[in-house]
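Spelled out from the first residue to the last, the chains are:
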Amino acid sequence: MRVLDISVPIENDVASDPPFARPRIAYLDHSMTIDRMQAFFPDLDNSKLPDGAAWAMEKVELTTHNGTHLDAPYHFHPTMNHALKDGGERSLTIDEVPLEWCFQRGVKLDFRSLADGYVATADDVETELRRIGHDLQPLDIVVVNTRAGERLGQADYVSAGCGVGREATLFLTERGVKITGTDAWSWDAPFEYTAKRVAQTQDYGLVWEGHKAGRERAYCHIEKLHNLEKLPPSGFRIACFPVKIRAASAGWTRAVAIFDDQ
């Protein structure tokens, strides 16, 4: 078995999110935490520990959408599956997402040639599936390799890469796909491009159209994947189990691709 890490680290000072949403990590090394150990052992001091070292730990300030994470249907809309049930039903939160969705056969769509801000269509998806010779099956995890993957940490990362629109998202979910993913900041096209299209058309249905497709048919997606250019089109499984945060809209995941090389 071979495992490829397709996640990004949560770290300071990297352009992985807009400035207002970036994580903050305070690193407490072995010389800084003796007071915490003294809460359990009042007479303890550094001189009584091997090499004078207490424990290392970190204090982290972040949202559930920092780092590589799995978005739950609740993130997109309070209700889901309107195409299947009149009035829909309450959207799943991240602790309710079926775990069998999160460990399935993977398929990669290579959209690196599509321009930043382009909104991928159902025809784009179908054409790429035909090119790679993949017969889409229910529960396949479909990940999209965009130009954004190579821009992580650069100032233009948040605005890089194509997005996936409503039509393309529904093309996938109507065929039983429950989890999709992208190496871009968002499943949808970067907001600066969407804002221009909305200004030109006054069509506010374009805002978050790929996400909002989850209102019609429930699905999850992984954002801020990495190393997708190292994946073949198929022949691997993806594991993306989310951290179990009660009633949350997303959960961090150490997403990996697993190859059976035997």
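Presented here is a report on the structure given in the accompanying data block. Just so it is clear, the structure is predicted and the values come from calculations on it, not from any experiment.

Rules used throughout
Residues numbered from 1 in each chain as written. Predicted model: local features only at pLDDT ≥ 70, side-chain atom pairs only at ≥ 80, totals over all residues. Heavy atoms only, no water. Phe/Tyr/Trp six-rings, centres within 6.5 Å; stacked < 30°, edge-to-face > 60°. Buried < 20%, exposed > 50% of the residue type's maximum accessible area, 1.4 Å probe, protein only. Helix = DSSP H or I, 4+ residues; strand = E, 2+ residues; numbered from the N terminus. Lys NZ or Arg CZ within 6 Å of the ring centre and 35° of its normal. 1 Å grid on protein atoms, 1.4 Å probe; cavity = no way out; pocket = protein on both sides within 12 Å on 5 of 7 lines; lining within 4 Å. Points joined across faces, edges and corners; volume = space filled by probe spheres on them. Nonpolar A, V, L, I, M, F, W, Y, C, P; charged D, E, K, R; others polar. Disulfide = S-S within 2.5 Å.

## Things to note about the packing of aromatic side chains
In total, this model carries four aromatic pairs according to the counting rule given. Geometrically, the ring pair formed by Trp185 and Phe191 is edge-to-face, given 5.8 Å between the ring centres and 90 degrees between the ring planes. Using a relative accessible area of 18% as the deciding quantity, one classes Trp185 as buried. For the ring pair Phe236 and Phe259, a centre distance of 5.7 Å and an interplane angle of 45 degrees mean the geometry is tilted. Here Phe236 is found in strand E13 (residues 236–239), whereas its partner Phe259 is found in strand E15 (residues 256–259), with 23 residues between them in sequence. The ring of Phe259 is capped by Arg2, whose NZ or CZ atom sits 4.2 Å from the centre of that ring. The lysine or arginine in question, Arg175, covers the ring of Phe171, its NZ or CZ lying 3.7 Å from the ring centre.

## Quick look at the layout of surface pockets
Once rolled over the atoms, a probe with the size of a water molecule shows which space is left empty. The volume enclosed by the largest pocket comes to roughly 190 Å³. Looking at the largest pocket, it is lined by 14 residues, and the ones nearest its centre are His65, His69, His75, Trp185 and Glu223. Of the residues in the lining of the largest pocket, the class split is five nonpolar, six polar and three charged.

## Digging into the state of the cysteines
Here a disulfide denotes one covalent bond, and it connects the sulfur atoms of two cysteines. Overall, the coordinates contain zero disulfides when judged by the stated rule. Cys220 takes part in no disulfide bond, and the closest cysteine sulfur, belonging to Cys102, lies 6.6 Å away. Unpaired in terms of disulfides, Cys240 finds its nearest cysteine sulfur in Cys102, a separation of 4.7 Å.

## A look at unusual backbone geometry
In the Ramachandran plot, Lys224 falls in the positive-phi region, its phi being about 60 degrees despite a non-glycine side chain. The residue Ala247 is not glycine, and still its phi comes out positive at about 60 degrees. Inspection of the secondary structure assignment puts Ala247 in the loop between E13 and strand E14 (250–252). Of the residues examined, Ala247 reaches a relative accessible area of 48% and is grouped as partly exposed.

## Details of empty space enclosed by the protein
Applying the stated rule across the entire model yields two cavities of 30 Å³ or more. Considered as a void within the structure, the largest cavity measures approximately 50 Å³ in volume. Taken together, Val119, Val164, Gly165, Asp188, Ala189, Thr194, Arg197, Leu206 and Glu209 form the lining of the largest cavity. Looking at side-chain class alone, the lining of the largest cavity contains four nonpolar, two polar and three charged residues. One number sums up the size of the second largest cavity: a volume of about 30 Å³. Taken together, Val158, Ala160, Gly161, Cys162, Ala184, Trp185, Ser186, Asp188, Ala189 and Pro190 make up the full set of residues lining the second largest cavity.

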